[in-house]
Amino acid sequence: MARKSNNTDFIGEYEIADHKIMTMEEEKRERLIMEALKEFSKGYAYANMDEIVKRAGISKGLLFHYFGTKKGVFLFLLKYTLNIVNTKFEEIVLEKNDVLQNIWQASKMELDLSFEQPYVMDFLVKAAFSLKEVFPEGLPKDVPDLTAGILLDRIVKNADRSLLRSDIDAEKAQKIILWTMDGFMNSLLACGGDIENYKSHYDQWMKEFEGYLQLLRKLLYQ
């Protein structure tokens, strides 16, 4: 039986670039990450380490050498996919600090990414259902809560408050925007983890999403 490394060596705060897996030859590393994303897109409980090593063409001992345990693999994939999303976010040109317009642009970006790299978004959707199971002690501080929306906090913090009505509290208005968006995202998560189901209802949900944004604009903007 392959000897597992101490799990505490792989669970916590770290930068992707500093992870041990980055010492692996690039082609082999990318194949391993892709196969792991595919497997964990089934959901944490159903992900099988034997399937990953078989398809990636490595030994189970080597997998544990790099990740420690199944939980270590999951945490790396979580940070890896969030890093991709954040990089894509940085590429968006947010010419105005209009929080509602920027939320719309970020949502469209996430959709585009789901088609460019489907296993990234598949994994993140399924991961959101597993966080409390995998991390009952709480997430490492450098990992955001997926159910709260990956990008919303950053968008709201950079918002131009002068766009808001002068007769309302700007801080409360921004919280209303966040709570509304959080509630909408949570309602989608409650639909289940079937990515194809999300894609088939995309037009309907985006129309509903845009309706919420328009209503918030009427209520809160000048």
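Residues numbered from 1 in each chain as written. Predicted model: local features only at pLDDT ≥ 70, side-chain atom pairs only at ≥ 80, totals over all residues. Heavy atoms only, no water.

A. Region of the structure containing the overall build of the protein. Counting secondary structure elements, the protein contains 10 helices and zero strands. For the protein, restricting intrachain contacts to residue pairs at least 6 apart in sequence, the fraction spanning at least 24 positions comes to 76%. Summing over all exposed atoms, the protein offers an accessible surface of approximately 12200 Å²; the carbon and sulfur share of this is 50%. (Helix = DSSP H or I, 4+ residues; strand = E, 2+ residues; numbered from the N terminus. Contact = heavy atoms within 4.5 Å. Areas by Shrake-Rupley, 256 points an atom, 1.4 Å probe, with all protein chains shown as cover.)

B. Seen up close, the packing of helix α1 (residues 26-40) against helix α4 (residues 70-91). Where α1 meets α4, the axes come as close as 11 Å, and the angle between the chain directions of the two elements is 100°. Classed by the angle they form, the pair α1 and α4 counts as roughly perpendicular. Residues Glu30, Ile33, Ala36, Leu37 and Phe40 of α1 lie in contact with α4, whose contacting residues are Lys70, Val73, Phe74, Phe76, Leu77, Tyr80 and Thr81. (Axes fitted to C-alpha atoms, helices over the stretch in contact; angles between N-to-C directions. Parallel < 35°, antiparallel > 145°, perpendicular 65-115°, else oblique.)

C. Here's a closer look at the packing of aromatic side chains. The final tally for this structure, using the stated rule, is seven aromatic pairs. Each ring, one from Phe40 and one from Tyr44, has its centre 5.9 Å from the other, and the planes form 45°; the classification is tilted. For Phe40, a relative accessible area of 2% puts it in the buried group. What links up through ring pairs into an aromatic cluster is the set Phe40, Tyr44, Phe74, Phe123 and Phe135. Above the ring of Tyr44, the side-chain terminus of Lys70 is found at 4.6 Å from the ring centroid. Sitting above the plane of the Tyr14 ring, Lys79 keeps its charged end 3.6 Å from the centroid. (Phe/Tyr/Trp six-rings, centres within 6.5 Å; stacked < 30°, edge-to-face > 60°. Buried < 20%, exposed > 50% of the residue type's maximum accessible area, 1.4 Å probe, protein only. Lys NZ or Arg CZ within 6 Å of the ring centre and 35° of its normal.)

D. Spatial organisation of the nonpolar core. Judged by nonpolar contacts, the single largest core of 39 residues is most densely connected at Leu32, Phe40, Phe74, Phe76, Leu77, Leu78 and Phe123. Only α1, α2 (49-56), α3 (60-67), α4 and α6 (118-134) provide two or more residues apiece to this core. With 10 residues, the top contributor of residues to this core is α4. In contact with Phe74, other than residues within four places in its own chain, are Phe40, Tyr44, Phe123, Ala127, Ser130, Leu131, Val134 and Phe135. Within the second largest apolar cluster, 23 residues are counted, among which are Ile92, Ala106, Met206 and Leu216. (Core = buried A, V, L, I, M, F, W, Y, C linked by side-chain atoms within 4.5 Å.)

E. Quick peek at the environment of Leu216. Examined against the element boundaries, Leu216 turns out to sit in helix α10 (residues 202-220). Taking relative accessible area as the criterion, Leu216 reaches 6% and is therefore assigned buried. Residues in contact with Leu216, not counting those within four places in the same chain, are Leu100, Ile176, Ile177, Thr180, Met181 and Tyr221.

F. Structural view of the side chain of Glu39. If you trace the backbone, Glu39 turns up in helix α1. The class of Glu39 is buried, set by a relative accessible area of 0%. What Glu39 contacts, discounting residues up to four positions off in sequence, is Tyr46, Ala47, Asn48, Glu51, Ile52 and Arg55.

G. Geometry of the confidence of the model for the protein. Averaged over the protein, the pLDDT score is 81; the fraction of residues at 70 or greater is 82%. Within the model, the stretch residues 1-6 combines pLDDT values under 50 with 12 contacts to residues more than four positions away or in other chains. (pLDDT = per-residue confidence, 0-100.)

H. Fine view of α2. Taken residue by residue, α2 has Met49, Ile52, Val53 and Ala56 as its buried positions. When α2 is viewed along its axis, its buried side chains cluster within an angular range of 90° and face the same direction. Buried-residue contacts for α2 involve α1, α3 and α4. You can read the cap of α2 off the contacts: a side-chain oxygen lies 2.7 Å from the backbone nitrogen of Asp50, and it is on Asn48. Gly57 sits one or two positions beyond α2 and adopts a positive phi of about 75°. (Arc of directions from axis to C-beta. Polar contact = N/O pair within 3.5 Å; in protein donor to acceptor, adjacent residues only side chain to side chain.)

I. Summary view of the environment of Val53. Tracing the backbone through its elements, the reader meets Val53 in helix α2. Residue Val53 is classed as buried on the basis of its relative accessible area, which comes to 10%. Considered as a pair, Val53 and Leu63 are 10 residues apart in the sequence and their alpha carbons are 7.2 Å apart. In contact with Val53, not counting residues within four places along its chain, are Ile58, Ser59, Lys60 and Leu63.

J. Broad picture of the pattern of salt bridges. Under the defined criterion, the tally for this structure stands at 13 salt bridges. In this structure, Lys60 and Asp50 form a salt bridge, with 3.0 Å as the shortest nitrogen-oxygen distance. Of this pair, Lys60 sits in helix α3 while Asp50 is found in helix α2, placing the two residues 10 residues apart along the sequence. For Lys60, a relative accessible area of 31% gives the class partly exposed. By relative accessible area, which is 42% here, Asp50 ends up partly exposed. Residues participating in the shared-partner salt-bridge network are Glu35, Lys38, Glu39, Lys42, Glu51, Lys54 and Arg55. (Salt bridge = Lys/Arg side-chain N within 4 Å of Asp/Glu carboxyl O.)

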